[in-house]
Amino acid sequence: MSSHHIVREKQEPALYIHHLGAFNEEYLGQLLEWSPTLIVNSSLYEKLISLGLKVDIVVNATGQDFFQENTKVIQASTNELDAVLDYLIAEKYPAVNVIDEKSNLRELGSYISEINVVVFTETEKAYAIKSGFSIWKPKGSIFHIEVVSYFETSNLKQDENGDFSVINDGFVTFNFTTPYLFVSEKL
C-alpha cells in the first residue's frame, strides 16, 4: 500500500540556500523532503545541480543563461537575502527556511512580521517566536536565547554559559512582552 501526499503550492516553506558550506546533507534532505520552492545564490547553482536538485529560482545570475528549464532569475541590487525575502513576500509565501553561514536574525527584524523565517547554519536552527510559543523537547535540549527583555518560560533552566537547557521531556513555553524573542537550537 502506498501513501500519497498532496502538497499545495506554497504550503511548505520555500528554501533559500545562501551559503551551503559543510551543511549536513541529512538536514538538507529533510528540508527538501516536501519539494519546496528552491532558491539558490548563483554561486551555488552548479553545486546543487550536481546533487540532482531542481532549482526554481537563482539570485544574482551573472552572465549565466544556461539554467534548467523554467528556472526564474531574481536580480538583487543590494542584499541577496533582502531580495529573496521581498520576492517571497510579494508572492505570498508564508514561510522560508534559509541556509547561511551565520544566523543573525536581528538583521531580518523588519521581515519577521510578514514572513516566518528560520535560519539554519552548520550548527544551529534560529527563529523568532511570539509570546505564548510552546514546543515539545526532550530533556537536555539546548536553546540559545537572545535576551533583550524579560521573559518567562517553563521547563528551562539557564546554564553557566548563558544557554538554556530543557529540564524534563515535555513542552517548553515562552511568555514575554516584546513582539518577538529570538531563539536558536543546536542541530
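Just so it is clear, the structure is predicted and the values come from calculations on it, not from any experiment.

Novice: Just checking my understanding: could you explain the overall build of the chain for this structure?
Specialist: When its secondary structure is counted, the chain shows three helices and 14 strands. Of all intrachain contacts in the chain linking residues separated by at least 6 positions in sequence, the fraction that spans at least 24 positions is 48%. In the structure as shown, the chain presents an accessible area of about 10,800 Å², 48% of it carried by carbon and sulfur atoms. One finds the centroid of the 14 positive side-chain charges in the chain at a distance of 5 Å from the centroid of its 26 negative side-chain charges.

Novice: Could you clarify how one ought to interpret the packing of aromatic side chains in this entry?
Specialist: Geometry of an aromatic ring pair is reported as the spacing of the ring centres plus the angle between the planes. Following the criterion strictly, the structure yields six aromatic pairs and no others. Taken together, the ring pairs in this structure connect Y127, F133, F143 and F174 into an aromatic cluster.

Novice: Even after reading the chapter, I still don't get the layout of surface pockets, so can you show me in this structure?
Specialist: The gaps of empty space that remain are located by a probe, the size of a water molecule, rolled over the atoms. In this structure, the second largest pocket spans a volume of roughly 240 Å³. If you trace the second largest pocket, you find 13 residues lining it, with N79, L81, D100, K102 and E107 closest to the centre. By residue class, the composition of the lining of the second largest pocket is four nonpolar, four polar and five charged.

Novice: What is the right way to look at helix α1 (residues 25–32) in this model?
Specialist: The α-helix advances 3.6 residues per turn, and as a result positions three or four apart in sequence lie on the same side. Those residues of α1 that sit buried are L28, L31 and L32. Considered in projection along α1, the buried side chains sweep an arc of 95 degrees and stay on one side of the axis. Looking at the packing, one finds that the buried side of α1 touches β1 (14–17), β2 (38–41), β5 (95–99) and β6 (116–120). For α1, the side-chain oxygen to backbone nitrogen distance between the N-cap and E26 is 2.6 Å, and the N-cap itself is N24.

Novice: What exactly am I supposed to notice about the environment of T173 here?
Specialist: Among the structural elements, T173 can be located in strand β13 (residues 170–176). A residue is classified by how much of its surface remains accessible, and T173, at 21% relative accessible area, is partly exposed. As for T173 and S154, which are separated by 19 residues in sequence, their C-alpha atoms are 5.4 Å apart. With near-sequence residues (within four places) excluded, T173 lies in contact with G132, F133, S134, E152, T153 and S154.

Novice: Looking at this model, I keep getting lost on the confidence of the model for the chain. Mind explaining?
Specialist: Interpreting fine coordinate detail is not advised for predicted regions of low pLDDT. Averaged over the chain, the pLDDT score is 87; the fraction of residues at 70 or greater is 91%. Under a pLDDT of 50 for its full length, residues 1–7 has, in the predicted model, four contacts with residues more than four places off or in other chains.

Novice: How should helix α3 (residues 80–90) be read in this particular structure?
Specialist: Burial in α3 covers these residues: L81, A83, V84, L85, Y87, L88 and I89. Its buried side turned inward, α3 meets β1, β2, β3 (57–59), β4 (72–74), β5 and β6. N-cap assignment for α3: the residue whose side-chain oxygen lies 2.6 Å from the backbone N of L81 is N79.

Novice: Help me understand the pairing of β2, please; the structure alone is not making it clear to me.
Specialist: Regular strands show a simple pattern: their side chains alternate between the two faces of the sheet. A two-sided burial pattern is seen for β2, the buried positions comprising L38 and V40 on one face and I39 and N41 on the other. As defined by bridge partners, β1 adjoins β2 across three bridges and the pair is classed as parallel. When the sheet's bridge partners are listed, L15 is paired in β2 with L38. Following the backbone out of β1, through α1 and into the adjacent parallel β2, one traces a crossover that is right-handed.

Here is what the cut-offs are and how they apply
Residues numbered from 1 in each chain as written. Predicted model: local features only at pLDDT ≥ 70, side-chain atom pairs only at ≥ 80, totals over all residues. Heavy atoms only, no water. Helix = DSSP H or I, 4+ residues; strand = E, 2+ residues; numbered from the N terminus. Contact = heavy atoms within 4.5 Å. Areas by Shrake-Rupley, 256 points an atom, 1.4 Å probe, with all protein chains shown as cover. Lys, Arg positive; Asp, Glu negative; His and termini not counted. Charge placed at Lys NZ, Arg CZ, Asp CG, Glu CD. Phe/Tyr/Trp six-rings, centres within 6.5 Å; stacked < 30°, edge-to-face > 60°. 1 Å grid on protein atoms, 1.4 Å probe; cavity = no way out; pocket = protein on both sides within 12 Å on 5 of 7 lines; lining within 4 Å. Points joined across faces, edges and corners; volume = space filled by probe spheres on them. Nonpolar A, V, L, I, M, F, W, Y, C, P; charged D, E, K, R; others polar. Buried < 20%, exposed > 50% of the residue type's maximum accessible area, 1.4 Å probe, protein only. Arc of directions from axis to C-beta. Polar contact = N/O pair within 3.5 Å; in protein donor to acceptor, adjacent residues only side chain to side chain. pLDDT = per-residue confidence, 0-100. Pairing = 2+ DSSP bridges. Right-handed = clockwise from strand over helix to strand, strands pointing away.

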